[in-house]
Amino acid sequence: MKPARIPEEEYMTSGHVACQGCGATQAMRFALKALGPKTALVIPACCWSVIDGPFPHSSLRVPLFHTAFEAAASTASGLKAGLEMRGDTETTVMAWAGDGGTFDIGIQSLSGAAERNEDIIYTCYDNEAYMNTGIQRSSSTPVGAWTTTTPVAHYKKRPKKKIIDIMAAHSIPYIATASVAFPEDFIRKFKKAKEIKGTRFIHVFAPCPTGWKLPPELSVAMARQAVTSKVFPLLEVTEHGKRWKVWKDFEPTPVRDYIKAQGRFRHLKDEEIKAIEEEVENNWQLLLAREQMSMNLPGLNKEDDDS
Amino acid sequence: MKKVIMGNHAVSYGVKASGVKVISAYPITPQTQIVELLSEMCANGEIDAKFIKVESEHSALTAVVGASAAGVRAFTATSSQGLLLMHEILHWAVGARLPIVLTNVNRSVGPPWSIWTDQNDSLSQRDTGWLQLYCESNQETQDTIVQAFKIAETVRLPVMLVLDAFFLSHTYEIVDILEPNDVKKFLPPYETDIRIDVEHPHAFGNLAGPDTYFELRFMIQKAMEEARDVVKKVDAEFKEHFGRGYGVVQPYRCDDADLILVTSGTIASTSRVIIDEMRDEGIKIGSLKIRLFRPFPFDEVYEVLSKAKKVAVIDRNISFGHHGIFFQEIKSALYGRTDVPIIGYIVGIGGRDVTPKVIREIAEKALNDENPERDINWIGVKM
Ligand SMILES: Cc1ncc(C[n+]2csc(CCOP(=O)(O)OP(=O)(O)O)c2C)c(N)n1
Ligand SMILES: [Mg+2]
């Protein structure tokens, strides 16, 4: 991972109303540092529809249009079209949605926008549940997790939806995962995304101390462990869904440690944790196999470009 | 230039003349030709606009919301199920105070599936805060699109223009086609400072507590009240430019009428045939077409109807468990101002033909007090 300069400019100010240790808030700060002031945001219902601050205040120095829960991608499509028709081709339009607004209720409009290859960045900050409404499961909630709708007696039995696979299947020009624990990588990816035309999808891992039953000061540590335990691999998918590149240059840490640190997994028994460990390893191997396969495709750039 | 075109294409020509910059829509019978012609016009450069071909009506309206938030003229069209799918965003467009224009071709709602006309789709959106204008002819339809943008941009509220499925959408009539260059003098290119602009960053639509939300809703109502005059002014101005005007209501032979039929949409034209026929027979009868439904033209309605001895309201819709919706509206408009008897008739739901004979039956029933019910009488139920 190449170090990148972290811009000093701040486009997120104090006065926001996020919880302590909120990953989604750190994510916004980094994303705007990367994208700069010529950015317009579209935010559907999610924690971020509150975090920015109540009317008439805003903690962001970029314009923001709030939209309905399932409509981030379609609203952003229209906003981009409108700006272009005004002659503004420079402004980066970014939809900024939670996992619920992306994996669940917003997946239709996201799929539509991606298939049309709308010229927008779509960022999903993933805190792995509906946090705004008080920690209910989403299809991004990982297997084994407690939420208020997957109580301990019926904890989440189904695995997290593979959103990157879904987005890769749309053949869009750029897909990446990013984590608030790796700001240089995070900023590099957003900067790279900014320069690409078409639909760019960035999946940001954003711990939620409140929802994960985690001390706020462990938010970034958890985000780091999610990567080093291979629970949340850092990757990029380019060449319209074909070229996969996974970051592997880290000291692996046990999945068990990641799980044990969070209250939302407290009920899990040893064999259940073991099953999760196996699943994480299987997914990692599949990912590597996919990367390998994509290396051998004819006509694709084999060289590491910039990381 | 005059052309013989279908109602749906009259909408498309109106949109072309209005200098719309972003269009987004999703196919649904009987609206489809509107957007087919528009996408053709966009593709061949007749219109300088982007057409966003979305995957649903929900996305169509949100795309148009996004475009309008960027500060450009934006348009969508739909029908029935599509309008209902948009419902959440209909409210959004109003709350965000976006001057969008939408055409809804009135189609019945399923189940059972039906593609034929009635007004339940648009009337069930009456409390969303959209202005609603019901059109009767292809010429009126084209002209109203152009008026609608001017109205919407003046009061910063979205406008829904409504026409009957098939009876208007697929019927060919002569239309004097508006030329975009002529229209520019009436409707100049849209400019607004209230928009998403990186030079002047603002957050639009963020959380408003009980101490501010109330006032924001009050302002919408104020804008609606203002719209009542704006619609009239814009219509008068349009008439100055193009020689055609439509009013907010259209009285026909009402001055000395014993009975006035209240109508909307294509039923208005059918009714006039019967009115002429009965007038020839010496019966004092007239009709009042309601063109502007939201904001409701209370005073204009009162002025005309208060002179009648009896009022018969013809509804191609039904508020289940209540009455016809125009009937409700007329009754509430006249309440406490006059005690002229008002009788409600339900006709034509699901596209059943409302022929001159049906109108005559209603008129005779109303005149002769042959109504089983005062408030709701179903005409032609076969059971
Ligand atoms: C149509 C609709 N259904 C439900 C809601 C209620 N709601 C608001 S935010 C939210 C959950 C958002 O979850 P996610 O997208 O993961 O974002 P987070 O709150 O976790 O940041 C829900 C269910 C809504 N606003 N709109
Ligand atoms: Mg969430």
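Residues numbered from 1 in each chain as written. Chains lettered and ligands numbered in written order. Predicted model: local features only at pLDDT ≥ 70, side-chain atom pairs only at ≥ 80, totals over all residues. Heavy atoms only, no water.

1. Remarks on the packing of helix α3 (residues 57-69) of chain B against helix α5 (residues 87-95) of chain B
Residues and elements named next belong to chain B. Running from N to C, α3 and α5 cross one another at 10°; their axes reach a closest spacing of 9 Å. Between α3 and α5, the angle falls in the class roughly parallel. The two elements α3 and α5 cross, and the hand of that crossing is left-handed. From α3, H58, L61, T62 and V65 reach across to α5, where they touch E88, I89, L90, W92 and A93. For the contact of α3 with α5, the class distribution of residues is six nonpolar, two polar and one charged. (Axes fitted to C-alpha atoms, helices over the stretch in contact; angles between N-to-C directions. Helix = DSSP H or I, 4+ residues; strand = E, 2+ residues; numbered from the N terminus. Parallel < 35°, antiparallel > 145°, perpendicular 65-115°, else oblique. Left-handed = near helix turned anticlockwise from the far one by under 90°. Contact = heavy atoms within 4.5 Å. Nonpolar A, V, L, I, M, F, W, Y, C, P; charged D, E, K, R; others polar.)

2. A word on the coordination of the magnesium ion (ligand 2)
Residue and element names in this part refer to chain A. Taken together, the protein ligands of the magnesium ion (ligand 2) are D99 (OD), N127 (OD1) and A129 (O), with distances of 1.9 to 2.1 Å. Written as a sequence motif, the donor residues of the magnesium ion (ligand 2) are D-x27-N-x1-A. Of this pair, D99 sits in helix α4 (residues 99-104) while A129 sits in the loop between β4 (121-126) and α6 (163-168); the two residues are 30 residues apart in sequence, bridging distant segments of the chain. An identical accessibility class is assigned to D99 and A129; each is buried. (Donors = N, O, S within 2.8 Å, 3.2 Å for Na, K, Ca; no water. Buried < 20%, exposed > 50% of the residue type's maximum accessible area, 1.4 Å probe, protein only.)

3. Quick word on the interface of chain A and chain B
Counting residues at the interface gives 40 residues for chain A, matched by 42 residues for chain B. Where chain A touches chain B, the interface holds three salt bridges. Notably, a salt bridge pairs E84 of chain A with K50 of chain B, separated by 3.0 Å at the nearest N-O pair. Between the two partners, chain A and chain B, sit 13 residue pairs in polar contact (both at pLDDT 80 or more). Residue assignment for the side of chain A that touches chain B shows that the elements contributing at least two residues are β1 (39-43), α2 (48-51), β2 (64-66), α3 (72-85) and α5 (107-116) of chain A. When residues in the side of chain A that touches chain B are grouped by element, the largest group, ten residues, is from α3 of chain A. Taken together, the residues of the side of chain A that touches chain B sort by class into 16 nonpolar, 16 polar and eight charged. As paired elements, β2 of chain A and strand β9 (residues 203-204) of chain B share two bridges and run parallel to each other. Opposite F65 of chain A, over in β9 of chain B, you have F204 of chain B as the bridge partner. (Salt bridge = Lys/Arg side-chain N within 4 Å of Asp/Glu carboxyl O. Polar contact = N/O pair within 3.5 Å; in protein donor to acceptor, adjacent residues only side chain to side chain. Pairing = 2+ DSSP bridges.)

4. Brief notes about the site of ligand 1
Residue and element names in this part refer to chain A. Inspection of the region around ligand 1 gives 18 residues, with C47, G100, G101, Y125 and N132 positioned closest. At a separation of 3.0 Å, an oxygen atom of ligand 1 approaches a polar side-chain atom of N127. The separation between an oxygen atom of ligand 1 and a polar main-chain atom of A129 is 2.9 Å. Protein chains shield 77% of the accessible area of ligand 1, which is 580 Å² for the free molecule. (Near = heavy atom within 4 Å. Areas by Shrake-Rupley, 256 points an atom, 1.4 Å probe, with all protein chains shown as cover.)

5. Let's talk about the pattern of salt bridges
If you walk through the whole model with that rule in mind, you get 51 salt bridges over all chains. Beyond isolated ion pairs, a larger network of salt bridges with shared partners links K80, E84, D119, K197 and R200 of chain A together with K50 of chain B.

6. A short note on empty space enclosed by the protein
Residues and elements named next belong to chain B. Taken as a whole and judged by the stated rule, the model has one cavity of 30 Å³ or more. Here the largest cavity defines a volume of roughly 30 Å³. Around the largest cavity, the lining residues are Q119, D164, T263, S264, I267, I314 and R316. Among the residues making up the lining of the largest cavity, the classes are represented as two nonpolar, three polar and two charged. (1 Å grid on protein atoms, 1.4 Å probe; cavity = no way out; pocket = protein on both sides within 12 Å on 5 of 7 lines; lining within 4 Å. Points joined across faces, edges and corners; volume = space filled by probe spheres on them.)

7. Points about the sheet that holds β1 of chain A
Pairing in this open sheet of nine strands is mixed, and the strands run β8(A)-β7(A)-β5(A)-β6(A)-β4(A)-β3(A)-β1(A)-β2(A)-β9(B) from one edge to the other. Strands at the two margins of the open sheet, each flanked by one partner only, are β8 (243-246) of chain A together with β9 of chain B. Across four bridges, the pairing between β1 of chain A and strand β3 (residues 92-98) of chain A is parallel. Each residue of the ladder has a partner; that of T39 of chain A, found in β3 of chain A, is T92 of chain A.

8. Things to note about the domain arrangement of chain B
Residue and element names in this part refer to chain B. The domain boundaries assigned to chain B delineate domain 1 (2-242) and domain 2 (250-378). The centre of domain 1, based on its C-alpha atoms, is set 28 Å off from the matching centre of domain 2. With 29 residues of domain 1 at the contact, the number on the domain 2 side is 31 residues. Here domain 1 packs against domain 2, burying approximately 2,400 Å² in sum over the two surfaces, 50% of which is carbon and sulfur. The largest share of the area that domain 1 buries against domain 2 comes from R126, E136 and R228, three residues that together contribute 27% of it. There are six salt bridges connecting domain 1 and domain 2. With its nearest N and O atoms 2.8 Å apart, the salt bridge here joins E329 to R126. One can count 21 residue pairs in polar contact (both at pLDDT 80 or more) joining domain 1 with domain 2. Of all the secondary-structure elements, those providing two or more residues to the side of domain 1 that touches domain 2 are α6 (120-123), β6 (131-134), α7 (138-155) and α9 (213-242). The class makeup of the residues in the side of domain 1 that touches domain 2 is twelve nonpolar, eight polar and nine charged. (Domains from an automatic or database assignment. Buried area = accessible area lost by both parts, 1.4 Å probe.)

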